[in-house]
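Summary of structural features
Spelled out from the first residue to the last, the chains are:
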Amino acid sequence: MPLSPYKLRLADYQPLINIFDRYLAGWKARLLSTGGRLTLVRAVLNSLPVYYMSSLALPKKLCEILESKRRAFLWTGEDTCNGAQCLIAWDQACKAKDAGGLGIKRIEDQNKCLLMKFTSRLHDPITLPWKTWLHDQYGAALLSYPSDSYIGKLVSHCLNLFRQQTMVRLGDGNSTAFWLDTWIMGAPLSDTFPSLFSHSIAPHVTVREILQTSLRGNLRARLTNAAAAEFQILTDCIAEVTITGSADRRLMIHPVNAPFTSSGAYSILHSDDANELDAMRIWNTKLPVKVKFFGWLLYYGRLNTRAHLHYRGIRALEDSMCEHCTTELETDDHLFLRCPRARAIWDRLHIDTDGLTPRMPWLFGVSAPLPDQIHIDMILLILWHTWKARNAL
């Protein structure tokens, strides 16, 4: 860890890069399955920079270097990789599993969420020695920290995002921003009453200060018609609000009323990612990770069949035909369903595959006498062993 947070160069983070290299060099990546490499990326490489990320805002260039090392290890087991070797875009791989990804966390986003934990502790009512020192130095207001100090920059870097992800259960109102925090009406008052907020002379005023003085004293002398109408509504809304002697409590907006956690913040940060319920069918099976990873690639149609390699410009057309059907392109549909050898497997199992696609194995054998708990597992295993047999040719 650098001794000072100021004016750090990329070379100052070399110990962190060396840690990554030491771990990667110790793993025999070429002897690991893709499932094994995925497990190491998620369990180890996701965690290695946590100590740094909890204290420092990592430079964008460093995040790119660490991401490239993780990406190369996952797809090739080498130190570097090019775009042709990455079967699926890294942005997609870094989505949650229920959003169609691999559950790998982006380092830059993880850094933001871990730094927000520092801001969360500043809002926490528990008295800590370092908080007492900060308050003695700069005052209790977070925005009173000098903008040229490391603490000031850290707070300004995280505060807006922290406010978007949290709500306040009002106590004494001392640490709640009247306009910018979500403490009433389910949204910041600056968003609910934008015209009135534009007339505020102290946008960072606390709830306690407003309730002990007056809302009108926080506004410019002359209001527009729209602002005047919003003023009347807001005055009625806060008329019944009372403050207590207890401290304000910060809770996450999702899950509702949960205390702040960096993992919860990361989930909220990516809550706009569309759910891929079909992809989760694959991850919910009880199969080894390498088989699930195969099923995930198959779901997106990114297995390295000969036809897929041809479409990517890696194989010539004449080299992209099925090994047994020399006039048919080796697509995933042909390989797993249409090829006579694949057809013989399904006929032997009395499973009709007409009109089906291997990308949706849960539709196979609906009428077959298979327990629901292992139905998809069995179909995926058949597809997996078909793929292994093809690669053994």
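The structure contained in this document is the topic of the report that follows. Each chain carries its own residue numbering, running from 1 in the written order of its sequence. Under the rules for a predicted model, residues below a pLDDT of 70 receive no local features and side-chain atom pairs below 80 are neither given nor counted, while totals for whole chains, interfaces and linings still include all residues. Only hydrogens and water are removed before side-chain values are computed, so all heavy atoms of the structure are retained for them.

Description of the overall build of the protein
Rules: A run of H or I in DSSP counts as a helix once it spans at least four residues, and a run of E counts as a strand once it spans at least two, with each numbered from the N terminus. In this setup the radius of gyration rests on C-alpha atoms only. A globule is expected at 2.2 Å times the number of residues raised to 0.38. A simple rule labels every residue: compare its accessible area, found with a 1.4 Å probe on the protein chains alone, to the largest value its type can have, and call it buried under 20%, exposed over 50%, or partly exposed in between. Here, two residues are considered to be in contact whenever any of their heavy atoms come within 4.5 Å of each other. For the area figures, the Shrake-Rupley method with a 1.4 Å probe applies, and any residue is considered shielded solely by the protein chains shown. Working convention for charge: Lys and Arg count positive, Asp and Glu count negative, and His plus the chain ends are omitted. Charge positions are represented by NZ for Lys, CZ for Arg, CG for Asp and CD for Glu.
Helix and strand counts for the protein come out as 19 helices and two strands. For the protein, whose C-alpha radius of gyration is 28 Å, the value lies well above the compact-globule estimate of 21 Å for 393 residues. Residue burial in the protein is summarised as follows: out of 393 residues, 44% are buried. Considering only intrachain contacts with a sequence separation of at least 6, the fraction spanning at least 24 residues in the protein is 61%. Only carbon and sulfur atoms are counted for the fraction: they give 54% of the accessible area of the protein, which is about 20,700 Å². Both charge centroids of the protein, one from 44 positive and one from 37 negative side chains, sit 5 Å from each other.

With respect to the packing of aromatic side chains
Which entries qualify depends on this criterion: In summary, the pairing rule links any two rings of Phe, Tyr or Trp, Trp by its six-membered ring, whose centres are within 6.5 Å, and it sorts them by plane angle into stacked for under 30 degrees, edge-to-face for over 60 and tilted for everything else. Each ring is checked for a lysine NZ or an arginine CZ that lies within 6 Å of its centre and within 35 degrees of its normal; such an atom marks a charge sitting over the ring.
Here the structure, examined in full by the defined rule, presents 18 aromatic pairs. A centroid spacing of 5.4 Å and a plane angle of 65 degrees characterise the contact between Phe 162 and Phe 260, whose relative ring orientation is edge-to-face. Of the two residues, Phe 162 is situated in helix 8 (residues 150-165) and Phe 260 in the loop between strand 2 (249-252) and helix 13 (262-269); the sequence distance between them amounts to 98 residues. The exposure class assigned to Phe 162 is buried, which follows from its relative accessible area of 0%. Between Phe 178 and Trp 179 the ring centres are 5.1 Å apart and the planes differ by 90 degrees, which places this aromatic pair in the edge-to-face class. According to the relative accessible area criterion, Phe 178 is buried, its value standing at 0%. Following the ring pairs from residue to residue traces out a cluster consisting of Trp 75, Phe 293, Trp 296, Tyr 299, Tyr 300 and Trp 362. The ring of Trp 283 carries the charged tip of Lys 97 above its face, separated from the ring centre by 4.6 Å. Geometry around Tyr 266 places Lys 105 over its ring, the cationic atom sitting 5.4 Å from the centre.

Focus on the packing of helix 2 (residues 34-45) against helix 4 (residues 60-75)
The criterion, for reference: As a rule, the C-alpha atoms of each element are fitted with a line to give its axis, helices using only the stretch in contact, and angles between N-to-C directions run from 0 to 180 degrees. Roughly parallel covers angles under 35 degrees, roughly antiparallel covers those over 145, roughly perpendicular covers 65 to 115, and oblique covers all other angles. Ten residues, namely Ala, Val, Leu, Ile, Met, Phe, Trp, Tyr, Cys and Pro, are considered nonpolar, four, namely Asp, Glu, Lys and Arg, are considered charged, and the remaining ones, Gly among them, are considered polar.
Between helix 2 and helix 4, the least distance of the axes is 8 Å, while the angle of their chain directions is 155 degrees. Here helix 2 is positioned roughly antiparallel relative to helix 4, judged by the angle of their axes. Contacts between helix 2 and helix 4 involve Thr 34, Arg 37, Leu 38, Leu 40, Val 41 and Leu 45 from the first element and Arg 70, Phe 73, Leu 74 and Trp 75 from the second. Split by residue class, the contact of helix 2 with helix 4 holds seven nonpolar, one polar and two charged.

Re the environment of Ile 282
The residue Ile 282 is located in helix 14 (residues 277-283) in this model. Spatially, the C-alpha atom of Ile 282 lies 8.2 Å from that of Asp 377, the residues being 95 residues apart in sequence. Setting aside residues up to four positions removed in sequence, Ile 282 forms contacts with Lys 292, Gly 295, Trp 296, Tyr 299, Trp 362 and Leu 380.

Examining the side chain of Ser 120
Along the chain, Ser 120 falls in helix 6 (residues 107-123). According to the relative accessible area criterion, Ser 120 is buried, its value standing at 14%.

Observations concerning helix 15 (residues 289-299)
Along an α-helix, residues three or four apart share an orientation, since each turn contains 3.6 residues. Most of helix 15 sits out of view: nine of its eleven residues are buried. Of all the positions in helix 15, only Val 291, Lys 292, Phe 293, Phe 294, Gly 295, Trp 296, Leu 297, Leu 298 and Tyr 299 are classed as buried. At its buried positions, helix 15 is contacted by helix 2, helix 4, helix 5 (90-93), helix 14, helix 17 (332-338) and helix 19 (375-391). In the stretch just after helix 15, Gly 301 is the one whose phi turns positive, near 65 degrees.

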